[in-house]
Amino acid sequence: MKYAQPNHKHTYLNLYFQVHQPRRLRNFEFFDIGTSRSYFNGDLNRFLINRIAHNCYLPANNMLLQLIKANPAIKITFSISGTALDQFNLYAPQVIESFRELAKTGCVEFLGETYYHSLSFLINEEEFCDQIKQHSKKIREYFGIQPSIFRNTELLYSNYIAKIVTKLGFKGIYLEGVERLFEDLDQNKLFKHPHLPIILFPRNYILSDDIAFRYSNTNWSEWPLTATKYISWLENLTNPGNFICIGMDYETLGEHHRKEEGIFAFMEEFISKAANSSVMEFLNPTRAMEILPAKYSISSPGITSWADVRKDKTAWLGNELQRDAFASLKKLNPLIKKVKNPALIRDYKYLQTSDHFYYMSKETDDDGQVHQYFSHYNSAYEAFLNYMNVLADLEWRIKQEIKYSVRRNRKRVLKKVKRKS
């Protein structure tokens, strides 16, 4: 590959946001199994989508749009889950319109991911690929853009995941910049897979979490965080060709950190200062691959992620409740392949969303506080029992559907035989 000449004075900055909302489950008791009740809490989901749209999505999108109009050198990357898009479409379509306005600027790149923000790579390759293709189709439909860079659910990454994503035609993939992968290498670079033609984009989790988790923490030694201070930290990392990836939940803006705490003013000043810096330049990942060579390869035989201190899959599958629930879900995969009922298939896929397992975490330390912040349950056991009741109902419905399908086929065969006789 030939590379356009990078600006040797510049460090490149990639700012990306994860946009995701799960379809939260309603209270589903044992005696609800077999009653055909809906699994999803429409009132709660509508309330939360509208609240977060008001606090975050709409004002943040408008802020970015105005910043880009004033300075097209600003580039932003988004990864929006299909479950979030479905709920925007249902409860707050103006959010989709605001993302379309950003897409029209040409300064925004949309990443590929699994439609249902799932752990489907742990079910099987077919399920994983189906969800990625479904998500890419939705991004094309809504924004007219074909994603070429992939970001798996919660930055879950391994050599195996990269192999599947490469087969689907993606040119790059994001991963967490965990030290155990990079040893003594500077992670603020582009890297390559040891055997595959795919570029790796490591997230600088320390600089990212300074905003995502520590911005409002008055006990933090660096509080209050100002744009000038943050820019100075970035400038300390400036080396020609460096690629610093700052990634976080989009809800950081206005929902996790409130407007009254100054998060919008901070982000506006930080982005403006970075765009006008003489030593930094914004870059989206596709453009980064065109101008920056990836000199070093890294290998990840095991799974890494951006969650919890361990930064692996234990945030979702670390205890017996989570593993039992996921095994029960996985066991339904061969059964769901036997039915063609779209409602059943859709419910099965929505139940794969990683958040359902995240709520079952029994962590009690700082990680536990983060799990509890995002959960609408009182405990891991409550989340587990509710999920298992829903899953039992889904299994019952699938088996009923298979039974009725056999009867329908038998009646069709009998009718044909009678007509011929």
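Predicted, not measured: the structure shown is a model, and the values here were computed from it. (Residues numbered from 1 in each chain as written. Predicted model: local features only at pLDDT ≥ 70, side-chain atom pairs only at ≥ 80, totals over all residues. Heavy atoms only, no water.)

## Topic: the state of the cysteines
This model, assessed by the stated rule, comprises zero disulfides. No disulfide involves C56; its nearest neighbouring cysteine sulfur is the one of C245, lying 18 Å away. A disulfide-free cysteine, C107 has its sulfur positioned 18 Å from the sulfur of C245, the nearest such atom. (Disulfide = S-S within 2.5 Å.)

## Quick word on the domain arrangement of the protein
Domains assigned within the protein are domain 1 (11-297) and domain 2 (315-419). The straight-line distance from the C-alpha centre of domain 1 to that of domain 2 is 27 Å. Each side of the interface is counted separately: domain 1 has 40 residues, and domain 2 has 33 residues. Between the two partners, domain 1 and domain 2, sit 18 residue pairs in polar contact (both at pLDDT 80 or more). Among the secondary structure elements, those contributing two or more residues to the side of domain 1 that touches domain 2 are helix 2 (82-91) and helix 4 (125-143). Looking at the side of domain 1 that touches domain 2 element by element, the count peaks at five residues for helix 4. (Domains from an automatic or database assignment. Contact = heavy atoms within 4.5 Å. Polar contact = N/O pair within 3.5 Å; in protein donor to acceptor, adjacent residues only side chain to side chain. Helix = DSSP H or I, 4+ residues; strand = E, 2+ residues; numbered from the N terminus.)

## As for the pattern of salt bridges
Taken as a whole and judged by the stated rule, the model has 21 salt bridges. A salt bridge links E125 to K167; its shortest N-O distance comes to 2.8 Å. Here the residue E125 occupies a position in helix 4, and K167 occupies one in helix 5 (residues 159-167), the gap between them amounting to 42 residues. Close ionic contact of R203 with E176 constitutes a salt bridge, the shortest N to O distance being 2.7 Å. One end of the pair, R203, is in strand 7 (residues 199-203); the other, E176, is in strand 5 (residues 172-176), with 27 residues separating them in the sequence. With respect to burial, R203 and E176 carry one shared label: buried. In this structure, a network of salt bridges that share partners links the residues E176, R203, D209 and K311. (Salt bridge = Lys/Arg side-chain N within 4 Å of Asp/Glu carboxyl O. Buried < 20%, exposed > 50% of the residue type's maximum accessible area, 1.4 Å probe, protein only.)

## Notes on the sheet that holds strand 7
Adjacent strands of a sheet pair through backbone hydrogen bonds, lying either parallel or antiparallel. Strand order in the open sheet formed by five strands is 4-5-7-6-10, with mixed pairing between adjacent strands. Unpaired on one side and paired on the other, strand 4 (149-150) and strand 10 (296-297) mark the two borders of the sheet. Of the pairings in the sheet, the one linking strand 6 (residues 191-192) to strand 7 comprises two bridges and is antiparallel in character. Bridge assignment links K192 to a residue of strand 7, and that residue is I199. (Pairing = 2+ DSSP bridges.)

## Notes on helix 4
Residue pairs three or four apart in sequence face the same way in an α-helix, which turns once every 3.6 residues. Taking 1.5 Å per residue as the helical rise, helix 4 with its 19 residues ought to reach 27 Å, and the 27 Å between its terminal C-alpha atoms agrees with that figure. By the burial criterion, the buried members of helix 4 are E127, F128, C129, Q131, I132, H135, S136, K138, I139, Y142 and F143. The opening residue of helix 4, the one whose side-chain oxygen lies 3.2 Å from the backbone nitrogen of E126, is N124. Immediately downstream of helix 4, the backbone of G144 shows phi near 70 degrees, a positive value. (Expected span 1.5 Å × (residues − 1).)

## A few points about the pairing of strand 8 (residues 243-249)
Across the seven residues that make up strand 8, a large majority, six, are buried. Where strand 1 (residues 11-19) meets strand 8, seven bridges bridge the pair, whose relative direction is parallel. Looking at strand 8, one finds that F17 is bridged to M248.

## Observations regarding unusual backbone geometry
In the segment running from W223 into P224, the intervening peptide bond is cis, with an omega of 0 degrees. Among the secondary structure elements, P224 is positioned in the loop between helix 7 (205-212) and helix 8 (227-235). Of note, S36 is a non-glycine position whose phi angle comes to about 65 degrees, a positive value. Take S36: it is sitting in the loop between strand 1 and helix 1 (42-70). Given the relative accessible area of 58%, S36 is considered exposed. A positive phi angle is found at H117, which is not glycine, with a value near 50 degrees. Relative to the elements of secondary structure, H117 occurs in the loop between strand 3 (108-110) and helix 4.

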